[in-house]
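Structural characterization, general
Here is what each chain is made of, one letter per residue.
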Amino acid sequence: MRLDKYLKVSRIIKRRTVAKDFAANERVLLNGRMAKPSSEVKKGDIIVLQIGDKSTAFEVLDIKENVKAAEAKNLYRILE
């Protein structure tokens, strides 16, 4: 699944366009490398979002196309 779509489906970022802007502006790391919006996300990947001076890391636990809001937190685990 594309990075921008995963961030939206998992509700880490609310809108896909915002997720795309984050990646396009080099504010997303995927397994330690700068990620493009079209980067493929797989189970076990580590995503780091840089928001201002703060960075938050997430581990991808599952990938699904459609998820209810209550189940979205089951797709990832916060590491930092």
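Residues numbered from 1 in each chain as written. Predicted model: local features only at pLDDT ≥ 70, side-chain atom pairs only at ≥ 80, totals over all residues. Heavy atoms only, no water.

What the 5 strands build is an open sheet, ordered 2-1-3-4-5; its pairing is antiparallel. What marks the edges here is a single partner per strand, and that holds for strand 2 (33-34) and strand 5 (76-78). Looking at chain direction, strand 1 (residues 28-30) and strand 3 (residues 46-51) are connected through 3 bridges and run antiparallel. When the sheet's bridge partners are listed, Leu-29 is paired in strand 3 with Val-48. (Pairing = 2+ DSSP bridges. Helix = DSSP H or I, 4+ residues; strand = E, 2+ residues; numbered from the N terminus.)

Attention now goes to the nonpolar core. The biggest cluster of nonpolar side chains holds 22 residues, and the ones touching the most others in it are Leu-3, Tyr-6, Leu-7, Ile-12, Val-28, Ile-47 and Leu-49. Mapped by element, the contributors of at least two residues to this core are helix 1 (3-9), helix 2 (16-24), strand 1, strand 3 and strand 4 (54-60). Of all the elements, helix 1 adds the most residues to this core, at 4 residues. Beyond its immediate stretch of four places on either side in the chain, Ile-47 contacts Leu-3, Tyr-6, Leu-7, Val-28, Leu-29, Leu-30, Val-41, Thr-56, Ala-57, Phe-58 and Val-60. (Core = buried A, V, L, I, M, F, W, Y, C linked by side-chain atoms within 4.5 Å. Buried < 20%, exposed > 50% of the residue type's maximum accessible area, 1.4 Å probe, protein only. Contact = heavy atoms within 4.5 Å.)

Before going further, it helps to spend a moment on the pairing of strand 4. Across the 7 residues that make up strand 4, a large majority, 5, are buried. Two strands pair when backbone bridges link them, and strand 3 and strand 4 are joined in this way by 6 bridges, in the antiparallel orientation. In the strand pairing of strand 4, Leu-49 is matched with Thr-56. In this structure, the hairpin formed by strand 3 and strand 4 is closed by a connection of 2 residues, where Gly-52 is found at a positive phi of approximately 65°. Bridge analysis of strand 4 against strand 5 gives 3 bridges, and the strand direction is antiparallel.

Another point: the environment of Tyr-76. With respect to the secondary-structure elements, Tyr-76 resides in strand 5. Taking the C-alpha atoms as reference, Tyr-76 lies 9.8 Å from Asp-45; in sequence the two are 31 residues apart. For Tyr-76, the residues in contact, after removing those within four places along its chain, are Tyr-6, Ser-10, Ile-12, Phe-58, Glu-59 and Leu-61.

This next bit is on the confidence of the model for the protein chain. Overall, the predicted model of the protein chain reaches an average pLDDT of 94, with 99% of residues at or above 70. Within the protein chain, helix 2 has the poorest average pLDDT of any element, 94, and strand 5 the best, 96. (pLDDT = per-residue confidence, 0-100.)

This part takes up the packing of aromatic side chains. All told, the structure shown has 1 aromatic pair when counted by the stated rule. Summarising the aromatic geometry, the rings of Phe-58 and Tyr-76 are spaced 5.4 Å apart at their centres and angled 85° between planes, so their arrangement reads as edge-to-face. With Phe-58 in strand 4 and Tyr-76 in strand 5, this pair connects stretches of sequence that are 18 residues apart. Each of the two residues, Phe-58 as well as Tyr-76, counts as buried. Over the face of the ring belonging to Phe-22 we find Arg-27, whose NZ or CZ atom lies 4.0 Å from the ring centre. (Phe/Tyr/Trp six-rings, centres within 6.5 Å; stacked < 30°, edge-to-face > 60°. Lys NZ or Arg CZ within 6 Å of the ring centre and 35° of its normal.)

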